[in-house]
Amino acid sequence: MDKVQILKERIKEMESHQLEKGDMILSSLHATQELFDNSIPLEAAKVISDELDVKVERIYELATFYSMYSTKPRGKHLIRLCESLPCHVIEGPKIAKKLKEVLNIDFGQTTKDGLFTLETTSCLGICGVGPVMMIDGDTYGNLTVEKIEDIVQKYRGEKS
């Protein structure tokens with residue numbers, strides 16, 4: 001079964017839960033990213049538009065407003081480094097430099113193997129353990145330059 005058909009089935013399943021229209025759209029965007037390389041391509045936005053009877057412009061409006069969504073393909077793992085002031089003053093720039101070095105990419109880029117995309121984010125809400133980064137849904141605080149390589153290796157599958 002192709003990705004478009006799977007997306008249609010997931011939307012139909014969500015409709016059975018009788019969610020509000022806005023919740024349906026956001027849930028559909030999440031499902032889309034799971035299927036389409038952590039992104040929302042135009043073909044998938046059109047499917048959501050057709051299935052939920054919403055203009056495709058509205059789908060893209062939401063997909064580009066919220067930072068959790070992307071219209072560009074991203075890596076399998078999304079690394080977000082907090083750039084708020086508390087994290088910045090506690091070694092944040094050193095952590096950023098080390099991440100870029102270990103991944104061999106800059107912010108806004110994806111590794112050549114498609115495994116990681118590196119982004120910055122505003123406050124993750126756990127300033128007391130800064131500097132902080134989030135990989136997918138996992139949060140890492142009290143970061144040091146020494147910890148970065150081990151954390152990244154875990155997601156590469158090189159460490160358990």
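Higher on the page you've got the structure.
All of these numbers come straight from a predicted model, not from anything done at the bench.

Caption draft 1: How the structure looks around the pairing of strand 1 (residues 77-82). With six of six residues buried, strand 1 lies mostly within the body of the structure. Residue alternation in strand 1 divides its side chains into two sets, H77, I79 and L81 and L78, R80 and C82, and both sets are buried. One ladder, built from six bridges, connects strand 1 with strand 2 (residues 116-121); its direction is parallel. Paired with I79 across the two strands is L118, which belongs to strand 2. Here three bridges tie strand 1 to strand 3 (residues 133-135), and the two strands are oriented antiparallel to one another. Bridge assignment links I79 to a residue of strand 3, and that residue is I135.

Caption draft 2: Structural view of the nonpolar core. Core analysis: the biggest nonpolar cluster contains 21 residues, and L7, I11, I25, L29, I48, L52 and I59 have the highest contact counts within it. Contact partners of L29, with chain neighbours within four places excluded, come to I40, I48, I59, L62, A63 and Y69. I79, L81, I148 and V152 belong to the second-largest nonpolar core, a separate cluster that totals 19 residues.

Caption draft 3: Representation of helix 3 (residues 42-52) within the structure. Those residues of helix 3 that fall on the buried side of the exposure criterion are A44, A45, V47, I48, S49, E51 and L52. In this structure, the buried side of helix 3 is in contact with helix 1 (3-15), helix 2 (21-35) and helix 4 (56-65). Remark: D53 follows helix 3 within two positions and exhibits a positive phi of approximately 55°.

Caption draft 4: View of the sheet that holds strand 3. A sheet is described by the order of its strands in space; here four strands give the open sequence 2-1-3-4, paired in mixed fashion. At either end of the open sheet lies a strand with only one pairing partner, and these are strand 2 and strand 4 (138-140). Along the sheet, successive strands turn relative to each other by an average axial angle of 20°, direction set aside. Note that strand 3 and strand 4 share three bridges and pair antiparallel.

About the cut-offs
Residues numbered from 1 in each chain as written. Predicted model: local features only at pLDDT ≥ 70, side-chain atom pairs only at ≥ 80, totals over all residues. Heavy atoms only, no water. Buried < 20%, exposed > 50% of the residue type's maximum accessible area, 1.4 Å probe, protein only. Helix = DSSP H or I, 4+ residues; strand = E, 2+ residues; numbered from the N terminus. Pairing = 2+ DSSP bridges. Core = buried A, V, L, I, M, F, W, Y, C linked by side-chain atoms within 4.5 Å. Contact = heavy atoms within 4.5 Å. Axes fitted to C-alpha atoms, helices over the stretch in contact; angles between N-to-C directions.

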